[in-house]
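Here are the chains, one letter per residue:
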Amino acid sequence: GKHPVLVAETMQRICLAAERYSLGCSFEPEMSGDQFDHAIAWAAVQLAKQVDASAILALTESGKTPCWMSRYQCQIPIFGLSRNSSTLKHLMLCRNIYPVYFDVS
């Protein structure tokens, strides 16, 4: 509308406040036997925190596991490595994930 700058500034303040609030929250997923990507993501984040890792590298075809990692409020940078351009585009929408083209072959 008439005040796009004011709207953008207000949205930024809301997002930053929500981020500050959520950083103190701990989250442990409920997992069933068919949710291996959840279990792997949660375990990787917990291990990275314990060893004070500088980054997490996640080889991925679909992008699901790195996206789950980002949902567990991990402050460690996550590098999502994939050969699929659509997966890399999807990873750009997830918090704290840096998509990197990587072809194993």
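Residues numbered from 1 in each chain as written. Predicted model: local features only at pLDDT ≥ 70, side-chain atom pairs only at ≥ 80, totals over all residues. Heavy atoms only, no water.

Engineer: What is the right way to read the state of the cysteines from this model?
Structural biologist: Two cysteines, two sulfur atoms, one covalent bond between them: this is a disulfide. Evaluation of the coordinates by the stated rule reveals one disulfide. Each disulfide pairs two cysteine sulfurs, and for Cys67 the partner residue is Cys94, the sulfurs being separated by 2.4 Å. Negative torsions about the S-S bond denote left-handed disulfides, and the value of about 75 degrees found for Cys67 with Cys94 makes this one right-handed. Linking Cys67 in helix α3 (residues 64-71) with Cys94 in the loop between α4 (85-91) and β3 (97-101), this pair joins segments that are 27 residues apart in sequence. In this pair, the class of Cys67 matches that of Cys94, namely buried. (Disulfide = S-S within 2.5 Å. Helix = DSSP H or I, 4+ residues; strand = E, 2+ residues; numbered from the N terminus. Buried < 20%, exposed > 50% of the residue type's maximum accessible area, 1.4 Å probe, protein only.)

Engineer: Looking at this structure, I do not really get a nonpolar patch on the surface. What am I missing?
Structural biologist: Taken together, the side chains of Leu59, Phe102 and Val104 make up a nonpolar region of the molecular surface, amounting to roughly 320 Å² of accessible area. Turning to its location among the elements, Val104 is positioned in the segment after β3. On the accessibility criterion, Val104 (67% relative accessible area) is exposed. (Patch = residues over 30% accessible without salt bridge, like charges linked within 9 Å, V, L, I, M, F, W, Y side chains within 5 Å. Areas by Shrake-Rupley, 256 points an atom, 1.4 Å probe, with all protein chains shown as cover. Salt bridge = Lys/Arg side-chain N within 4 Å of Asp/Glu carboxyl O.)

Engineer: So what exactly am I meant to see when it comes to unusual backbone geometry here?
Structural biologist: For residues other than glycine, phi is negative in most cases, and the peptide bonds are mostly trans. Positive phi, normally seen in glycine, also occurs at Asp52, with a value near 55 degrees. Along the chain, Asp52 turns up in the loop between α2 (36-50) and β1 (56-59). In this structure, Asn96 takes a positive phi of about 65 degrees despite not being glycine. Within the secondary structure layout, Asn96 lies in the loop between α4 and β3.

Engineer: Can you walk me through the sheet that holds β1 in this structure?
Structural biologist: Strand order in the open sheet made by the three strands is β1-β2-β3, with parallel pairing throughout. Because the sheet does not close on itself, it has two edges, and the strands there are β1 and β3. Neighbour to neighbour, the strand axes of the sheet diverge by 25 degrees on average, direction disregarded. As paired elements, strand β2 (residues 78-82) and β3 share five bridges and run parallel to each other. Note that in β3 the partner of Ser82 across the bridge is Tyr101. (Pairing = 2+ DSSP bridges. Axes fitted to C-alpha atoms, helices over the stretch in contact; angles between N-to-C directions.)

Engineer: Help me understand the packing of α2 against α3, please; the structure alone is not making it clear to me.
Structural biologist: Relative placement of two packed helices is described by the angle separating their axes and the distance separating the axes. Between α2 and α3, the least distance of the axes is 8 Å, while the angle of their chain directions is 50 degrees. As judged from the angle between their axes, α2 and α3 are oblique. α3 is crossed by α2, and the crossing has right-handed handedness. Every residue of α3 that contacts α2 at Asp37, His38, Ile40, Ala41, Ala44 and Val45 is listed here: Lys64, Thr65, Trp68 and Met69. For the contact of α2 with α3, a count of residues per class yields six nonpolar, two polar and two charged. (Parallel < 35°, antiparallel > 145°, perpendicular 65-115°, else oblique. Left-handed = near helix turned anticlockwise from the far one by under 90°. Contact = heavy atoms within 4.5 Å. Nonpolar A, V, L, I, M, F, W, Y, C, P; charged D, E, K, R; others polar.)

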